[in-house]
Amino acid sequence: MTSAPHRIVFANEKGGTGKSTTAVHVAVALAFRGARVVAFDLDHRQRTMCRYFENRADTMARRGIELPTAECHVAEGMDESQFEAFVGEHSAGADVVVIDTPGRDDPLARHAATTADTLVTPMNDSFVDFDLIGQVEGESFKVKKLSFYAELIWEARIKRSRAGLEQNRREMDWVVVRNRTGYTEARNMARIEQALSEMSKRVGFRVAKGLSERVIYRELFPSGLTLLDKGHLGDLGTSHLVARQELRTLIANLRLPGASSAAPAESAA
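What this report covers is the structure whose coordinates are included nearby. (Residues numbered from 1 in each chain as written. Predicted model: local features only at pLDDT ≥ 70, side-chain atom pairs only at ≥ 80, totals over all residues. Heavy atoms only, no water.)

Notes on the pattern of salt bridges
Oppositely charged side chains are able to pair whenever their charged atoms sit close together. Counted by the stated rule, this structure contains 11 salt bridges. Between E71 and R36 there is a salt bridge whose closest N-O contact spans 3.2 Å. Of this pair, E71 sits in strand β3 (residues 71-74) while R36 sits in the loop between α1 (19-32) and β2 (37-41), placing them 35 residues apart in sequence. Judged by its relative accessible area of 33%, E71 falls in the partly exposed class. A salt bridge links R206 to D173; the nearest nitrogen and oxygen atoms lie 2.8 Å apart. (Salt bridge = Lys/Arg side-chain N within 4 Å of Asp/Glu carboxyl O. Helix = DSSP H or I, 4+ residues; strand = E, 2+ residues; numbered from the N terminus. Buried < 20%, exposed > 50% of the residue type's maximum accessible area, 1.4 Å probe, protein only.)

Put into structure tokens, the structure is as follows:
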């Protein structure tokens, strides 16, 4: 019996967290390691992830080069069962499925999140983004309750366990990725770390350091290139090299199939 592809879902109901950028770079990183990656973009209006891969294909054709990439499909106007059939049809023979969800509340995005083997929730290092997973007291900054989204994932894990899905697929690994940490004031960063530590113990997610906000990511979109495309980016400055190492560390911390796990995940504590 052929095992199902490992499903990585990038989900956050808030926009502007670097979700699609992270999804593309992770997909390409796995393709570089020889995995066959099929991607699904649930944001049929913006189509950021699929547009990125279209730009990548255009660059390859224009320059006459071959680069590791992913096949990308846009999901539109589907219910849950139709979406699962759509994924099954297009991911036959794939090693990894990457799903990028819209930065808003969306029924299909909720469903996709509950089916993940690896659920990646990028967040900017602020309490505005933290509110997605939990609410904190205004004075002490202690967590007072889980958010609807955290409860959704918690219940999905329980349902998945009861259904016996772990017999065929591993337990969901939820990773909260902290992007833009370099832009957070030190005291506020410490408060966020404390709140994330408390939340991780309640809900069971891991925390990983993500990507700083760098112009390079926005500059790469038109060409569809990534920081991993050595030899095709021209001369790289120090900031580009730092960003590449940042990306490598993140990918290792996600502990994905075929990816190195040499770099330990950032502790939530």
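Focus: empty space enclosed by the protein
It is the rolling of a water-molecule-sized probe over the atoms that shows where space remains empty. Tallying each qualifying case throughout the model produces one cavity of 30 Å³ or more. Here the largest cavity defines a volume of roughly 50 Å³. Taken together, the residues of the lining of the largest cavity break down into four nonpolar, two polar and five charged. (1 Å grid on protein atoms, 1.4 Å probe; cavity = no way out; pocket = protein on both sides within 12 Å on 5 of 7 lines; lining within 4 Å. Points joined across faces, edges and corners; volume = space filled by probe spheres on them. Nonpolar A, V, L, I, M, F, W, Y, C, P; charged D, E, K, R; others polar.)

Topic: the sheet that holds β3
Strand order in the open sheet formed by seven strands is β3-β2-β4-β1-β5-β8-β9, and the pairing between neighbours is parallel. The sheet is open, and its two borders are formed by β3 and β9 (206-209), each paired with just one other strand. Sheet twist, expressed as the average angle between the axes of neighbouring strands with direction ignored, equals 20 degrees. Where strand β8 (residues 173-179) lies against β9, four bridges are found, and the strand directions are parallel. (Pairing = 2+ DSSP bridges. Axes fitted to C-alpha atoms, helices over the stretch in contact; angles between N-to-C directions.)

Brief notes about helix α3 (residues 80-90)
Side chains that are three or four residues apart share a direction in an α-helix, a result of its 3.6 residues per turn. Inspection of α3 places F83, F86 and V87 among the buried residues, and these make up the whole buried set. Each buried residue of α3 lies within a common arc of 95 degrees when the element is viewed along its axis, so the set occupies one face. Residues of α3 that are exposed and point over 90 degrees away from its buried face: S81 and E89. Taken together, the buried residues of α3 touch β1 (6-10), β2, β3, β4 (96-100) and α4 (107-114). (Arc of directions from axis to C-beta. Contact = heavy atoms within 4.5 Å.)

A look at helix α9 (residues 238-254)
A rise of 1.5 Å per residue sets the reference length of α9, with its 17 residues, at 24 Å; its end C-alpha atoms lie 25 Å apart and thus fit the reference within 8%. Every buried residue of α9 is accounted for by H240, A243, R244, E246, L247, L250, I251, A252, N253 and L254. Buried residues along α9 sit in contact with α1, β5 (118-124), β8, β9 and α8 (215-220). Backbone geometry just downstream of α9 places R255 in the positive-phi region, at approximately 55 degrees. (Expected span 1.5 Å × (residues − 1).)

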